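Here is what each chain is made of, one letter per residue.
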Amino acid sequence: MVNERILVVDDEANARRAIATLLKEEGFDVREAPDGEEALGLLADFAPAVVLTDMRMPRMDGLTLMRRAREGGSDATFVVMTAFASVEAAVEAMRAGAENYLTKPLDIDAVLVVLGKTLETRRLRREAHQLRERVAERFRVDNIVGDAPELQGVYALIQQAAPTKATILILGESGTGKELVAQALHNLSPRKERPFVRVHCAALSEGLLESELFGHERGAFTGAVARKEGRFELADGGTLFLDEIGEISPAVQVKLLRVLQSRDFERVGGTQTLKVDVRIVAATHRDLQAEVKAGRFREDLYYRLNVVAVTLPPLRRRKGDIPALVSHFLERCNTAYGKQVTGLAPGTLQALMSHDWPGNIRELENAVERAVVLARGEELTADDLPPVLRGPRPSAESSERLIPGASLAAIEREAILRTLEMVEGSTSRAAEVLGISVRKIQYKLKAYAGGGTGQDPSDAS
């Protein structure tokens, strides 16, 4: 805490000087201001880490100072002092954005404890933000989030295949992020300035799908009152993403095979042969090899599509990424709904880790979005989650009383889960705080998710 900058704002000169003197003796760099207006003038030049301000002052009170400081772009953390030791005053201050509050007359030990906690929280938030940026740089491909070992091969394939013209087949259960991979392949390719065109094959009947893909001429069928360009034409020079390719009919499979072989086609009802330069990325949740054996999917088309295969793991196999995914979705939902949910209450992460997520990442995103919409405070509680995720969970009080009589495994579990909540889901940061390896964090999370104790074989004596 030595040399941290503290701005003390109080209209009572004796009280202000006394607290400033004591803080200087503790090694802080301290400035004083008699009211909010003078304090505003010091914020830009002095740039304090913490503003210790009285609530009630002439000209500008502490809450107005806090609001004006935020509007001016200050990132200082506020701790308010009040002689009105009431719940209402504390709630008003915290709602306005204060990190903590102190009641007058001040106790110097209490002041130092609060300042210590405030500065530590501020440091952790900054480190978590910096870590998120580093993690984003290292582990994210567009909006794909996670550092699980199961994803490392996916990242490597995307980086290797994206610059080429090779046709890509993305395999994985529904909700695992296949479209994100397709978008990443396009964005990292030389075609990134050209169109990225999507077709959801399962959503269209055979006739409509053929028209969507290849276009049609006027009068080709009832309702075709004008010529229409197909998705292949629209994607010329770019990428065509065929989602749920396993759902297309045998007739469309034949026509699609021809395009992949010759790169030309005719519109429905037309005779003119059109040539296009399109990179094909296809995706399916089906086992296409089994579909080929069953006679429902052409073997030659399968091999044309399966030049490079990217297989996405289901979320139940990469539960160690759940904290980072939750943090990512929290940030997105806060922006979308104008909320300020900053973390998870005790037991919430455990509830998320215990679920098998049959709907994969899409289900997790929906659960977080629902929770943010319903959240009443700055932390998501287990009660904010969908009913299927609710279950026995520790309360804050039970967490505090965990050590007496608890097993070492239970204490370790609580330490890991609560640390992950504190560092917004970063396994790297949690490992650093706890002094263990990222591999061990990942192993423990998998064990907790599966109902195990988290005993690592490497820990055995």
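Criteria and cut-off values
Residues numbered from 1 in each chain as written. Predicted model: local features only at pLDDT ≥ 70, side-chain atom pairs only at ≥ 80, totals over all residues. Heavy atoms only, no water. Helix = DSSP H or I, 4+ residues; strand = E, 2+ residues; numbered from the N terminus. Buried < 20%, exposed > 50% of the residue type's maximum accessible area, 1.4 Å probe, protein only. Contact = heavy atoms within 4.5 Å. Areas by Shrake-Rupley, 256 points an atom, 1.4 Å probe, with all protein chains shown as cover. Lys, Arg positive; Asp, Glu negative; His and termini not counted. Salt bridge = Lys/Arg side-chain N within 4 Å of Asp/Glu carboxyl O. Pairing = 2+ DSSP bridges. Axes fitted to C-alpha atoms, helices over the stretch in contact; angles between N-to-C directions. Expected span 1.5 Å × (residues − 1). Arc of directions from axis to C-beta.

A. Inspection of the overall build of the protein at higher detail. Check the secondary structure of the protein and you find 19 helices and 14 strands. Considering the protein as a whole, with its 461 residues, one finds that 46% of them fall into the buried category. Within the protein, counting contacts between residues at least 6 apart in sequence, those at least 24 apart form 68% of the total. By element, 50% of the accessible surface of the protein is carried by carbon and sulfur atoms, the whole surface being about 22800 Å².

B. Fine view of the side chain of Asp243. Relative to the helices and strands, Asp243 resides in strand S8 (residues 239–243). Buried charge without a salt bridge: Asp243, with Lys178 as the nearest opposite-charge side chain at an N-O distance of 5.5 Å. Excluding its chain neighbours within four sequence positions, the residues that come into contact with Asp243 are Lys178, Val199, His200, Cys201, Ala202 and Ala283.

C. Spatial organisation of the sheet that holds strand S7 (residues 196–200). If you trace the five strands from one edge of the open sheet to the other, you get S7-S8-S11-S6-S12, paired in parallel fashion. The sheet is open, and its two borders are formed by S7 and strand S12 (308–311), each paired with just one other strand. For this sheet the average axis-to-axis angle between neighbouring strands, irrespective of direction, equals 20°. With four bridges joining them, strand S6 (residues 168–171) and S12 adopt parallel strand pairing. Within S12, the residue paired with Leu169 across the bridge is Ala309. Packing against the sheet, helix H6 (residues 149–161) makes contact with S6, strand S11 (279–284) and S12, and its axis sits at approximately 150° to S12.

D. Representation of H6 in the model. Spanning 13 residues, H6 covers 19 Å between terminal C-alpha atoms, matching the ideal 18 Å at 1.5 Å per step. Every buried residue belonging to H6 is among Leu151, Val154, Tyr155, Ile158 and Ala161, and all of these are buried. The arc that holds the buried residues of H6, viewed along the axis, is 145°, so those residues lie on one side. Of the exposed residues in H6, those oriented more than 90 degrees away from the buried face are Pro149 and Gln160.

E. Region of interest: the sheet that holds strand S3 (residues 50–54). On the basis of which strands lie adjacent, the open sheet formed by five strands has the order S2-S1-S3-S4-S5 and parallel pairing. Strands with a single pairing partner mark the edges of an open sheet, and in this sheet they are strand S2 (29–33) and strand S5 (100–103). Averaged over all pairs of adjacent strands, the angle between strand axes in this sheet comes to 20°, irrespective of strand direction. In this structure, strand S4 (residues 77–82) lies alongside S5, joined through four bridges in parallel fashion. Across the sheet, residue Thr82 finds its bridge partner in S5, namely Thr103. Strands strand S1 (5–9), S2 and S3 of the sheet are contacted by helix H1 (residues 13–25), whose axis makes an angle of about 170° with S2.

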